[in-house]
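Observations on the model geometry
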Amino acid sequence: MNSVFWAALGIGGSTLIGTGCGFLLSHVSEAVNDAVAAFAAGVMLSAAAFGLFIPAMEMVAGAGALLIPAGAVCGVLFLRGTARLSGRIRGGGLLQRRPELLFVLAIALHKFPEGMAGGVGLGGTASAAARTVALGVALQNLPEGAVMIPPLLDAGVDRRKAACIALGTGLLNAAGVVAGALWGRLSGGLLPLALCFAGGAMLDVIVSQMIPRAVCAGRLRQGPLVVLGGFLIMAVAAALF
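Residues numbered from 1 in each chain as written. Predicted model: local features only at pLDDT ≥ 70, side-chain atom pairs only at ≥ 80, totals over all residues. Heavy atoms only, no water.

1. Topic: the packing of aromatic side chains
Aromatic ring pairs: the centre-centre distance and the angle between the two ring planes describe each pair. In total, this model carries three aromatic pairs according to the counting rule given. Centre to centre, the rings of Phe50 and Phe231 are 5.9 Å apart; their planes meet at 50 degrees, and the pair counts as tilted. With Phe50 in helix α2 (residues 30-59) and Phe231 in helix α11 (residues 223-240), the pair connects residues that are 181 residues apart, well separated along the chain. Its relative accessible area of 22% is what places Phe231 among the partly exposed residues. (Phe/Tyr/Trp six-rings, centres within 6.5 Å; stacked < 30°, edge-to-face > 60°. Helix = DSSP H or I, 4+ residues; strand = E, 2+ residues; numbered from the N terminus. Buried < 20%, exposed > 50% of the residue type's maximum accessible area, 1.4 Å probe, protein only.)

Listed below in structure tokens is the structure:
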């Protein structure tokens, strides 16, 4: 249980540290936002591969291998459900008047499954792999948290409310870690399914939110290289820790 506490503290705390740094920034350009999204995409892709899917593959044999695509699909469907929620929220007047808040909303909606991915292996037999994922989530939370604050301030949100929103996203991270760890502990033989569920949720965030913003928008010429850099940095970290 100590590992769950430290993972929750590290993942949630990294968001708070990042957002704290964001208050020191007067403005964040679109290019910087795109670079952060590209780096986060590479880190999360590496963490999903080395900390979730590969450990799950090592646990299964024969027909049990079907748990891998089944879990991933369930994770994607879960995120698609939150995307529908996002669409309904976007229909509100505030976000129509303040489109810059959409980026903040996208970050907030994936905080819980992101934390869950960092905690799911801690409740089972994949604690080493779970530490890799937790490290990756914490690493990308630092710049991601920093670029979340300036859009809020630009939208007219006062600093106290912005700080509360930052605290809320950190708590979502930490709650996801605890929920993931409980699921991993209770699932027993279905741990590969839980790992792949978290991996599928992460892949959906990467493919539907991070990659399009970082690469497909065309504002960041070196987007693919930044994605690759994030992937390799996380790969080295996974090998070392």
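Additional details are given in the paragraphs that follow.
2. Re the nonpolar core
Ranked by size, the top nonpolar core spans 43 residues in total, and within it Leu52, Met202 and Met210 carry the most contacts. Only α1 (2-22), α2, α3 (67-90), α7 (127-146), α9 (159-187), α10 (191-216) and α11 provide two or more residues apiece to this core. Other than its neighbours up to four places away in sequence, Met210 contacts Ala37, Ala40, Ala41, Met44, His110, Gln140, Glu144 and Val205. If you look at the next biggest cluster of nonpolar residues, it comprises six residues, including Phe23, Ile149, Leu152 and Ala162. (Core = buried A, V, L, I, M, F, W, Y, C linked by side-chain atoms within 4.5 Å. Contact = heavy atoms within 4.5 Å.)

3. A few points about the environment of Leu190
Tracing the backbone shows Leu190 in the loop between α9 and α10. The sequence separation of Leu190 and Met59 amounts to 131 residues, and the corresponding C-alpha distance is 9.9 Å.

4. A few points about the pattern of salt bridges
Where charged atoms from two side chains of opposite charge come close, those side chains can pair. One pass over the structure, following the stated rule, counts two salt bridges. With its nearest N and O atoms 3.0 Å apart, the salt bridge here joins Arg80 to Asp204. With Arg80 in helix α3 and Asp204 in helix α10, this pair connects stretches of sequence that are 124 residues apart. Relative accessible area serves as the criterion here: at 45%, Arg80 is assigned to the partly exposed category. For Lys111, the salt bridge goes to Glu144, with nearest N and O atoms at 2.9 Å. With a gap of 33 residues between them, Lys111 in helix α6 (residues 111-119) and Glu144 in helix α7 connect regions that are remote in the sequence. Comparing Lys111 with Glu144, the two get one shared label, buried. (Salt bridge = Lys/Arg side-chain N within 4 Å of Asp/Glu carboxyl O.)

5. Remarks on the side chain of Thr132
The residue Thr132 is located in helix α7 in this model. For Thr132, a relative accessible area of 10% puts it in the buried group.

6. Observations concerning a nonpolar patch on the surface
A cluster of nonpolar side chains, namely Phe5, Trp6 and Leu9, defines an oily patch on the protein surface of about 370 Å² accessible area. Turning to its location among the elements, Leu9 is positioned in helix α1. (Patch = residues over 30% accessible without salt bridge, like charges linked within 9 Å, V, L, I, M, F, W, Y side chains within 5 Å. Areas by Shrake-Rupley, 256 points an atom, 1.4 Å probe, with all protein chains shown as cover.)

7. Looking at α1
Here α1 contains 21 residues, and its C-alpha end-to-end distance of 30 Å stays within 8% of the 30 Å for a straight helix at 1.5 Å per residue. All of the buried residues along α1 are Val4, Ala7, Ala8, Ile11, Gly12, Gly13, Ser14, Thr15, Gly18, Thr19 and Gly22. (Expected span 1.5 Å × (residues − 1).)

8. Brief notes about α11
Between its first and last C-alpha atoms α11 spans 26 Å; for 18 residues at 1.5 Å apiece the expected length is 26 Å, and the two agree. Listing the buried residues of α11 in full gives Gly223, Val227, Gly230, Met234, Ala235, Ala237 and Ala238. The buried residues of α11 occupy an angular sector of 165 degrees when the element is viewed end-on, so they sit on one face. Exposed side chains of α11 directed beyond 90 degrees from the buried face belong to Leu225, Ala239 and Leu240. (Arc of directions from axis to C-beta.)

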